[in-house]
Amino acid sequence: MNTLSEIFRKRGYSRRDFLKFASLTTALLGLPPSMFPEIVHALETKPKPVVIWLEFQDCAGCSESFIRSTTIMPTEVLLDFISLEYHETLMAPAGEYAEESKKEAMERYKGKYILVVEGSVTPNGVYCTVGGKSNYELLKEAAENTAAVVSVGSCASWGGIPKAEPNPTGAVPVYEALKGKQVVNIPGCPPIGDVMVATIVHFLALGKLPPLDNLGRPKTFYGQTIHDRCYRRAFYNAGKFAESFDDEKARNGYCLYKVGCKGPITRNACPTIRWNGGLSFPIQSGHPCFGCSEPDFWDRGFIYRPLSVVETGFGVEKIAAGVAVGAAAGAGIAWINKKLRGGKK
Amino acid sequence: MIDVEFYDFVRGPLLEFALYFFFAGIAYRFLRVLLLGLPKDYAKPKGNPLAKAIEKIALKPTQGWRFFMEVFAHRGIQYIGGFLFHVGFLGLTFFVPQHAFLWKEIIGFEPPYMPQLVADILAYSALFSLFALTVHRVFNPVLKLLTGKDEYFANILIGIVIFTGLFATRWSGGGLYVWMLNLHMLSAVILIIYIPFSRLSHFVYYFLSVFFYGWNVGKRGVSF
C-alpha cells in the first residue's frame, strides 16, 4: 500500500512539498519541532489510513469541506492519501455493490480502520436507513471493530440541526449512540477540512488520538475561542461596533458583536486556519460567527442579536407585568396588615 | 452541565427571571413603604411642601456641598470612595457597550457606550474604592456597629461582578473564557435578584425619602 511520500511523488509534487506538508501539519497539531522528524518518518513509511465514512442525517457539507482541505494538502493528494473504502457521496459503486465493499473492508481491516461519521443518529425509529438497515444499526456494526471513531460536523458531534427543537426524529449525537466508546468530535457546520485531515494524520503518525478537551474535541483546534484569536478583537476592545451588515464600519473591520457575533463563546480555529487555502472565514467576510461548533447552537436562536441581550427579549410589556405583580402583592399585603392591625384595636 | 449550556441557562431563563423578580420586588417594596400608613399630619403647612419636595429631588446632591468642608474633614474616605464607586459602578452598568445593548432591549433605546479604556478606568476606580470603603467599615468603630451582613454580602457580590467583568474583557486564556463570562453573568443575576430586598435598593428609595424629607422641610418652612 502506498505511503504519503509516494503519493506526493506520483502526483508530481516534490520532496520539498512533502516536507512543507509535514512541517505544517506538525505546527498545526501544536507538536514541538522535535517531533518533526518523527512525523516525516511516519508519513514516509506508514501505509495510508483506511477510512470508512458513514453519512446519516446530514447535508454532505462536511464531506465537501473535507475534500477542500487545501491549506495543508492538495485535494488530489488527499483523495489518494486516505483509503476511503466507503463514502456514499464520493465512491463510484452504488446499491448492493457499495454495501458489499463496505462489509469487505470492515472484515479486511478489522480493528485498523478509522470510522468517520457525518450526521446525527436516530436510535429510535426508521428516519434514516441505508440498505434496509437503520443508521443506528449501521453505526453499531461499523464501530464494533474500529481503531478510532471520529465525528465530523456539528450534527455528528452534538446532533446539530436535526436535533434542534422539536427534534422530530429523536436525533442524538454519535457519542451518545456509542456510549462507553471514545469518540473524537470535530464540530463545525461544516468543520474545517484541514482540522479533519490533521486529526487523522495525528492518529496515523503517532498511533494515538490528539489531546482532547472534556467534550472530546482536539484541544489544539478547539482550545481557544474565536474571540481570542479574532482580528477584529482590537475594535471590540476599543468599543467600536458595526451597526449593520456591510455598513461602512463593518467594512472598516469594526467588531461584529452588535450584529450577533457569538465568537466569545465559540471554540474553533476559523480565525487562524481559515477556509479556502487560508483565504477567509465568516467574520472576515463580514458575517458574525453564529457559534456553529458549540452544542445546540441552532436552538440558541437570536442569531443576529448581540450576545448580551435577553434571549427571549425583555421590553416595556414585561417590565409592566413585573411591576403589576409586585404592586398588587405589595398593596394586597399592606391592606391585609392594615386589616389585622385594625382588628387588634 | 457544560459551560455553554450553563451560559445559555444564565443569560436565558435565569436572567429573564431575575429581571421580572427585580421589577416585581422593587414595586412590591415601594408599595409597602408608601402604604405604611403614617398618621395624618393635621398641622397647617408653613411653606410649600410640594415645591420643596421637588426642589430637594432636583437639587439635594448639589446642596450637600454646602457642608462639604465640615463633613469632608471627618468622612473623607466615604466622600471620595463613595463618589468614585458610584460613578464607576453606574457608568459600568449603563455605558459599557455590552450592557448598553441589553439596556436597549429593556428600555427601548441605546445609551451611548464608551471605549474599553474608559470602562477599565471606571472599573479600577470602582473596585479600589469599594475595597477602601469595605475596609473603612471594618475599622471605623461607628460604621462597624452600623454595618450588618447585608452590607458585606452586597460589597462582596458587587466586587465579584466588577472583577469578573474586568477580567473577562482582558481575558486571553483560552476556552475557560466562557466560564469567566458565566461567573460574571451569574453574579450579576444574583445581584439583580438581591437588590430589591437589600439596602442596595436605596437607588430607588433615595428619591422617595428625599421627596418625603423635602415635603416635611416645606411643611415646617425651614431652610434646609
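Owing to the predicted nature of the structure, the values given are computational and were not obtained by experimental measurement.

Calculation rules
- Residues numbered from 1 in each chain as written.
- Chains lettered and ligands numbered in written order.
- Predicted model: local features only at pLDDT ≥ 70, side-chain atom pairs only at ≥ 80, totals over all residues.
- Heavy atoms only, no water.
- Helix = DSSP H or I, 4+ residues; strand = E, 2+ residues; numbered from the N terminus.
- Buried < 20%, exposed > 50% of the residue type's maximum accessible area, 1.4 Å probe, protein only.
- Contact = heavy atoms within 4.5 Å.
- Areas by Shrake-Rupley, 256 points an atom, 1.4 Å probe, with all protein chains shown as cover.
- Lys, Arg positive; Asp, Glu negative; His and termini not counted.
- Charge placed at Lys NZ, Arg CZ, Asp CG, Glu CD.
- Rg over C-alpha atoms; globule rule 2.2 N^0.38 Å.
- 1 Å grid on protein atoms, 1.4 Å probe; cavity = no way out; pocket = protein on both sides within 12 Å on 5 of 7 lines; lining within 4 Å.
- Points joined across faces, edges and corners; volume = space filled by probe spheres on them.
- Nonpolar A, V, L, I, M, F, W, Y, C, P; charged D, E, K, R; others polar.
- UniProt positions renumbered as here; feature names shortened; annotations may be inferred.
- Phe/Tyr/Trp six-rings, centres within 6.5 Å; stacked < 30°, edge-to-face > 60°.
- Lys NZ or Arg CZ within 6 Å of the ring centre and 35° of its normal.
- Pairing = 2+ DSSP bridges.
- Axes fitted to C-alpha atoms, helices over the stretch in contact; angles between N-to-C directions.

Caption draft 1: Examining the overall build of chain B more closely. The helix and strand tally for chain B stands at nine helices and zero strands. The order of α-helices and β-strands along chain B, N terminus first, is α-α-α-α-α-α-α-α-α. In terms of overall dimensions, chain B has a C-alpha envelope of 70 × 40 × 35 Å along the principal axes. In chain B, buried positions account for 45% of the 224 residues. Restricting to contacts in chain B with at least 6 residues of sequence separation, those with at least 24 account for 72%. Carbon and sulfur atoms make up 76% of the accessible area of chain B, which totals about 12,700 Å². The averaged location of the 12 negative side-chain charges in chain B is 18 Å from the averaged location of its 19 positive side-chain charges.

Caption draft 2: Fine view of the overall build of chain A. On a plain count of helices and strands, chain A comes out with 17 helices and seven strands. Over its C-alpha atoms chain A spans a radius of gyration of 26 Å, topping by over 25% the 20 Å that the globule rule assigns to 345 residues. For the C-alpha atoms alone, the extent of chain A along its principal axes is close to 100 × 50 × 35 Å. Looking at chain A as a whole, 53% of its 345 residues are labelled buried. A sequence separation of at least 24 residues applies to 72% of the contacts in chain A between residues at least 6 apart.

Caption draft 3: Quick look at the layout of surface pockets. Residue and element names in this part refer to chain B. Taken as a whole, the second largest pocket holds about 690 Å³ of empty space. Along the walls of the second largest pocket sit 21 residues, with Val33, Leu34, Gly37, Leu38 and Phe212 positioned nearest its centre. Within the lining of the second largest pocket, the residues separate by chemical class into 13 nonpolar, three polar and five charged.

Caption draft 4: Fine view of empty space enclosed by the protein. All names here are of chain A. For the structure on display, the rule yields three cavities of 30 Å³ or more. In this model, the largest cavity occupies a volume close to 90 Å³. Taken together, 13 residues form the lining of the largest cavity, with His227, Cys230, Cys255, Cys261 and Ile283 sitting closest to its centre. If you list the elements that add at least two residues to the lining of the largest cavity, you get helix 13 (226-229) and helix 14 (233-237). Of the residues that constitute the lining of the largest cavity, the class distribution is nine nonpolar, two polar and two charged.

Caption draft 5: Seen up close, the UniProt feature "binding site: [4Fe-4S] cluster 1" (unreviewed entry) in chain A. Residues and elements named next belong to chain A. In this numbering, the UniProt entry assigns the feature "binding site: [4Fe-4S] cluster 1" (unreviewed entry) to Cys59, Cys62, Cys155 and Cys189. The greatest C-alpha distance among the annotated residues, which extend across 131 residues, is 9.9 Å, indicating that they converge on a single site. Looking at the secondary structure, you find Cys59 in the loop between strand 1 (50-55) and helix 4 (61-66). The topology assignment puts Cys189 in the loop between strand 7 (183-186) and helix 11 (193-206).

Caption draft 6: Local environment of the packing of aromatic side chains. Tallying each qualifying case throughout the model produces 33 aromatic pairs over all chains. For the pair Phe314 of chain A and Phe23 of chain B, a centre-to-centre distance of 6.2 Å together with 15 degrees between the ring planes defines the contact as stacked. Here Phe314 of chain A is found in the loop between helix 16 (270-273) and helix 17 (316-344), whereas its partner Phe23 of chain B is found in helix 1 (residues 3-34) on a different chain. In this structure, Phe314 of chain A and Phe23 of chain B share a single accessibility class: buried. A network of ring pairs unites the aromatic residues Tyr236, Phe241 and Tyr257 of chain A together with Phe101 and Tyr113 of chain B as a single cluster. Above the plane of the ring of Tyr86 of chain A lies Lys102 of chain A, whose end atom (NZ or CZ) is 5.0 Å from the centre.

Caption draft 7: Examining the sheet that holds strand 2 (residues 83-87) of chain A more closely. All names here are of chain A. Read across the sheet, five strands follow the order 2-1-3-6-7 without closing on themselves; strand pairing throughout is parallel. Each of the sheet's edge strands pairs with one partner strand only, and the pair in question is strand 2 and strand 7. Pairs of neighbouring strands in the sheet enclose a mean axial angle of 25 degrees, with direction left out of account. Contacts between helix 11 and the sheet are confined to strand 1, strand 3 (114-118), strand 6 (148-152) and strand 7, with strand 7 contributing the most and set at about 155 degrees to the helix.

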